[in-house]
Amino acid sequence: MTIAIVPDDAAYDAALEAVLTDAFGPGRFAKVSERVREFGLLDRTLSRVALQGAAPVGCCRIYRIAVGATPALFLGPLAVAPHAQGERLGAALVEAALAACDATATHAVLVVGQPRMFAPFGFVEIPAGRVTLPGPVEARRFQWRAIGEGGLDGLAGAVSAPRAAS
Ligand SMILES: CC(C)(COP(=O)(O)OP(=O)(O)OC[C@H]1O[C@@H](n2cnc3c(N)ncnc32)[C@H](O)[C@@H]1OP(=O)(O)O)[C@@H](O)C(=O)NCCC(=O)NCCS
């Protein structure tokens, strides 16, 4: 399978909707992460799409958010079409998106997801009570990874919409 990983583009939206529905199944919109994406700002330049030929088969999207008043990023949805899973594509998408995130003037990338998937990229559980989401999540699934030296220092508060261009 020859795959290219490219920045996100609105032209992929319809195909990616189908990938997301196939990967997550029904109930996808009930997730707390979806509440964050309602007020977060999708950054297509940081988000990555996997193309098999011309067909999108996966994505790792990045939204701009704030934690308290500090600029941060929110990873997801991360999905790979069922027929393309298990071939390191998910990991490659996360790696490519994080490389782009590391070049931003933000402080951290947050995610709600499986620690087994995200620990290899340096994500760790967010200390209890430090950051609040617009709904309950299992504590071990709510993780972050610093951007730059001391990115997590003093970072605390509610996840909310980004304040301004960051
Ligand atoms: C999760 C998902 C994106 C992984 O994509 P993939 O291309 O199959 O994953 P990879 O082949 O890159 O696997 C990378 C690592 O993640 C692990 N992994 C894969 N799917 C996983 C899952 N659902 N939960 C936890 N870990 C998972 C793999 O075991 C592998 O770990 P290893 O390095 O120890 O072997 C894909 O299975 C998917 O779309 N699932 C449905 C949607 C979903 O659950 N998204 C993630 C939300 S956190």
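What this report covers is the structure whose coordinates are included nearby. It should be emphasised that the depicted structure is a prediction, and the values quoted were computed from it without experimental measurement. (Residues numbered from 1 in each chain as written. Predicted model: local features only at pLDDT ≥ 70, side-chain atom pairs only at ≥ 80, totals over all residues. Heavy atoms only, no water.)

## A closer look at unusual backbone geometry
Short version of the rule: A run of H or I in DSSP counts as a helix once it spans at least four residues, and a run of E counts as a strand once it spans at least two, with each numbered from the N terminus. Per-residue accessibility, obtained with a 1.4 Å probe over protein chains only, is compared with the maximum for each type, and a residue is labelled buried under 20%, exposed over 50%, and partly exposed between these values.
Following Gly76, the chain continues to Pro77 via a peptide bond in cis, the omega torsion being 0 degrees. Examined against the element boundaries, Pro77 turns out to sit in strand S5 (residues 70–80). A positive phi is found at Arg88, a non-glycine position, where the angle reads about 70 degrees. Inspection of the secondary structure puts Arg88 in the loop between S5 and helix H3 (89–101). On the basis of relative accessibility, which here comes to 66%, the residue Arg88 falls in the exposed class.

## Structural notes on the site of the ligand
Rules: Near is defined per residue: the residue qualifies when any heavy atom it owns lies within 4 Å of the molecule or strand. In protein, a polar contact requires one atom able to donate a hydrogen and another able to accept it; more generally it is a pair of N or O atoms within 3.5 Å, and residues adjacent in sequence count only if both atoms are side-chain atoms. Here the accessible surface of atoms and residues is derived via Shrake-Rupley with a 1.4 Å probe, and residues count as covered only by protein chains that are part of the display.
Among the 17 residues in the neighbourhood of the ligand, the closest are listed as Val80, Gly86, Arg88, Gly90 and Ala91. With respect to the ligand, the backbone of Leu78 contributes an N or O atom lying 2.9 Å from a nitrogen atom. Contact distances for the ligand include 3.5 Å between an oxygen atom and a side-chain N or O atom of Gln85. For the ligand, whose accessible area on its own is 860 Å², the fraction buried by protein is 71%.

## A look at the environment of Val94
What counts is decided by this rule: In this description, contact between two residues means that some pair of their heavy atoms is separated by no more than 4.5 Å.
Residue placement: Val94 occurs in helix H3. A relative accessible area of 0% means that Val94 is categorised as buried. With 34 residues separating them in the primary sequence, Val94 and Cys60 have C-alpha atoms 6.2 Å apart. Not counting chain neighbours up to four residues away, the residues in contact with Val94 comprise Cys60, Leu75, Leu78, Phe118 and Phe121.

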